[in-house]
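A structural walkthrough
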Amino acid sequence: MLQKPSIPKGTRDFLPLEMARRNYIFRTITEVFSLYGFLPMETPAMENLSTLLGKYGEEGDRLIFKILNSGDFISKVPDDDVYFSNSNKLSSKICEKGLRYDLTVPFARFVVQHQNEITFPFRRYQIQPVWRADRPQKGRYREFFQCDVDVIGSDSLLNEIELARIIDDVFSRLKFKAAVKINNRKVLAGMVEVAGVPEKFIPVITAIDKLEKTDRDNVVGELLQKGLSEEAVNKIMSITEVSGDNTGKLSALRELLGKSETGMKGIKELGFLFKYLEKSGLENEFIFDPALARGLDYYTGTIFEVKAKDVEIGSICGGGRYDNLTEVFGLSGVSGVGISFGADRIYDVMLQLNAFPGELLTGTRIMFTNFGEDEASYCLDIVGMLRKAGISAELYPEAAKMKKQMTYADRKNISYVALIGETELKERTVTLKNMVTGSQQKISPEELAGLLQEDTFLPGR
RNA sequence: GUGGAUGUAGCUCAGGUGGUUAGAGCGUCAGAUUGUGGAUCUGAAGGUCGCCGGUUCAAGUCCGGUCUUCCACCCCA
């Protein structure tokens, strides 16, 4: 016996019901994106490693799936022990491609490469899978879909407002509550500046980002351990712990960050953003959280993070502004903002909240039973007629027992079954059975299309 | 990448201290009902106990390794 087949860890197969639900999410998100004037685009699953490496921080580089060169790649490796004792050195010699880690960096590459073919400010959306060599956990996969929307080539904060509204629209349509946290990297930069440790930016923000998960003492401990003075730590903690409503927090920070030009700029930006958001009539919570940091290295301004209100699963959407991402690819002075919806986590949330509409999996509207060759050929004509009228119809492919055919229709959640046997064939009629009520009636084939179109009822499960 | 738990039929799980032929519920299939599904009854099929090795007269059970899934850290959608 062969070994049981399997798929790589952290990857998944999707059954028809799951696909129906996933497509519902993609459809909803796409509808909102196009409503805001964004256009679709795609990039390849694999990129050159030179495009990917060094953009996501040290940890990110480790999580990139590398693709082995084809052919006799080993003969090109110098016969030197350093290559065979160090995986990183070896992989640099035998891999030149990798699977994309997110959609933002490939997008930056795309913008630089096609700068003369696109119109700025460029608004695009991109829905594709990404891969991370992470250890799988709940809500954490090695292959998952991101739904990105970005505006590049404009530093107006109106773009941030548009993105915030997109977030609000998407979760309103998907019918569950989200909590959106907003901060600004400039506020964080100002924070380490007034604490006198501007060179410790990355270690400080990764530490305070954990405030939500662990208790305050751990974060303080981590900061001290990273070499900050007690005074600097106190300063940082006082900034992250300002309380009140959004405007209250902002005015408190105006005091605390007064000495930092960058910090004040961040506060000004946030002030503008919240002023507009408050009059936007949003349905979800938008909260200024000075402790929100986000790991990715390339953010420079506003940062967003969205969590589901009633499910523990990590962030379901995130993003921010990046000023220099295209620079490494040779195009400077172009600022962009974007957010990314995590379709797989949104799926998990909706499954837990039972937020999917019931009627998603209704493929076939009517199935014709098969009583034999003559009946089947008559059915096929009617099936063709219905399909022309836009009604999805199928004929059971074998003259199996009634029970078997009915069970099939029942399982597939088909609304109607047409029975055409010897008598119906002779009379040129069809016996139409409603699979929900169980009632049946005899009608002419010509009446069928009209009757099915009129009846909007769909069985739900 | 570090630490911990887990793995028995398609699914959910039983199987004290090793001892003949590994069980249940659900599901599947068949029949009761030769042109009628979702209810009920009857019956059947389905397992190299994750994989490899070791200890033992004897391993689902003990030991080691490996893989999977899950949890924590790290990081993140």
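How each quantity is defined
- Residues numbered from 1 in each chain as written.
- Chains lettered and ligands numbered in written order.
- Predicted model: local features only at pLDDT ≥ 70, side-chain atom pairs only at ≥ 80, totals over all residues.
- Heavy atoms only, no water.
- Buried < 20%, exposed > 50% of the residue type's maximum accessible area, 1.4 Å probe, protein only.
- Helix = DSSP H or I, 4+ residues; strand = E, 2+ residues; numbered from the N terminus.
- Pairing = 2+ DSSP bridges.
- Axes fitted to C-alpha atoms, helices over the stretch in contact; angles between N-to-C directions.
- Contact = heavy atoms within 4.5 Å.
- Domains from an automatic or database assignment.
- Near = heavy atom within 4 Å.
- Polar contact = N/O pair within 3.5 Å; in protein donor to acceptor, adjacent residues only side chain to side chain.
- Phe/Tyr/Trp six-rings, centres within 6.5 Å; stacked < 30°, edge-to-face > 60°.
- Core = buried A, V, L, I, M, F, W, Y, C linked by side-chain atoms within 4.5 Å.
- Parallel < 35°, antiparallel > 145°, perpendicular 65-115°, else oblique.
- Left-handed = near helix turned anticlockwise from the far one by under 90°.
- Nonpolar A, V, L, I, M, F, W, Y, C, P; charged D, E, K, R; others polar.

For strand β9 (residues 302-308), the buried fraction is high: six of the seven residues fall into the buried class. Across seven bridges, strand β7 (residues 178-184) lies against β9 in antiparallel orientation. Each residue of the ladder has a partner; that of N183, found in β9, is I303. Bridge count for β9 against strand β10 (residues 317-322) is four bridges, and the pairing is antiparallel. Bridge pairing links I303 to G320 in β10.

Next up on the list: the sheet that holds strand β2 (residues 46-48). Reading across the sheet, the three strands line up as β2-β4-β3 and stay open at both edges, with antiparallel pairing between neighbours. The open sheet terminates on both sides in strands that have one partner only, identified here as β2 and β3 (66-68). Here the average twist between neighbouring strands, direction ignored, is 45 degrees. One ladder, built from three bridges, connects β3 with strand β4 (residues 95-99); its direction is antiparallel. Bridged to I67 within β4 is K97. Along the sheet, helix α5 (residues 87-94) contacts β3 and β4; its crossing angle with β4, the most-contacted strand, is approximately 95 degrees.

What follows is about the domain arrangement of chain A. The domain boundaries assigned to chain A delineate domain 1 (16-353) and domain 2 (366-454). A separation of 52 Å is found between the C-alpha centroids of domain 1 and domain 2.

This next bit is on the protein's contact with RNA strand B. Residues in contact with RNA strand B amount to 43 residues; listed here are only the nearest, R132, K138, R140, K401 and T423. The share of sugar and phosphate among atoms of RNA strand B within 4 Å of the protein is 52%. Separating a phosphate oxygen of RNA strand B from a side-chain N or O atom of Q137 is a distance of 3.0 Å. A distance of 3.3 Å separates a sugar or linking oxygen of RNA strand B from a polar backbone atom of C317. The set of elements that each furnish at least two residues to the surface near RNA strand B consists of α3 (57-62), β6 (143-152), α16 (402-411) and α17 (422-427).

Below, the discussion takes up the sheet that holds strand β16 (residues 440-443). In spatial order, the strands read β13-β12-β14-β15-β16; together these five strands make up an open sheet with mixed pairing. Edge positions in the sheet fall to β13 (393-395) and β16, since each of these pairs with one other strand and no more. Ignoring strand direction, the axes of neighbouring strands in this sheet form an average angle of 25 degrees. Pairing between strand β12 (residues 366-368) and β13: three bridges, direction parallel. Along β13, the bridge assignment pairs M367 with E394. Relative to the sheet, helix α15 (residues 373-388) contacts β12, β13 and β15 (430-434), its axis offset from that of β13 by approximately 165 degrees.

Attention now goes to the packing of aromatic side chains. Tallying each qualifying case throughout the model produces 15 aromatic pairs. For the ring pair F110 and F122, a centre distance of 6.4 Å and an interplane angle of 10 degrees mean the geometry is stacked. Residue F110 is located in helix α6 (residues 104-113), and its partner F122 is located in strand β5 (residues 122-131); the two are separated by 12 residues in the primary sequence. Here F110 falls in the buried class, since its relative accessible area comes to 13%. With relative accessibility at 14%, the residue F122 sits in the buried group. Residues F171 and F341 carry aromatic rings whose centres are separated by 5.6 Å and whose planes lie at 50 degrees to one another, so their mutual orientation is tilted. Pair noted here: F171 is in helix α7 (residues 158-174) and F341 is in strand β11 (residues 336-342), with a separation of 170 residues, a long-range link.

Here we take up the nonpolar core. By size, the foremost hydrophobic cluster in this structure holds 108 residues, and its most contacted members are I166, F171, L223, F341 and I346. The biggest single contributor to this core is α7, with eight residues. Ranked by size, the runner-up nonpolar core spans 21 residues in total, among them V383, A393, I420 and I443.

Before going further, it helps to spend a moment on the side chain of E222. Relative to the elements of secondary structure, E222 occurs in helix α10 (residues 216-225). Residue classification places E222 among the buried positions, given a relative accessible area of 17%.

Residue position: D155 is located in the loop between β6 and α7. A relative accessible area of 62% means that D155 is categorised as exposed. Separated by 29 residues in sequence, D155 and Q126 place their C-alpha atoms 21 Å apart. Beyond its immediate chain neighbours, meaning those up to four positions away, D155 contacts R321 and S335.

Two numbers describe how helix α8 (residues 185-194) lies on helix α13 (residues 261-278): the axes approach to 7 Å, and their chain directions differ by 150 degrees. In terms of orientation, α8 lies roughly antiparallel with respect to α13. Regarding α8 and α13, the two cross each other, and that crossing is left-handed. Contact with α8, carried on its side by K186, V187, A189, G190 and E193, involves E261, T262, G263, K265, G266, I267, E269 and L270 of α13 and no other residues of that element. Across the contact of α8 with α13, the residue classes break down as four nonpolar, four polar and five charged.

Here the residue pair F120 and P121 is connected by a cis peptide bond, since its omega of -5 degrees sits within 30 degrees of zero. Looking at the secondary structure, you find P121 in the loop between α6 and β5. The phi torsion at N354 lies on the positive side, around 60 degrees, for a residue other than glycine. Along the chain, N354 falls in the loop between α14 (343-353) and β12.

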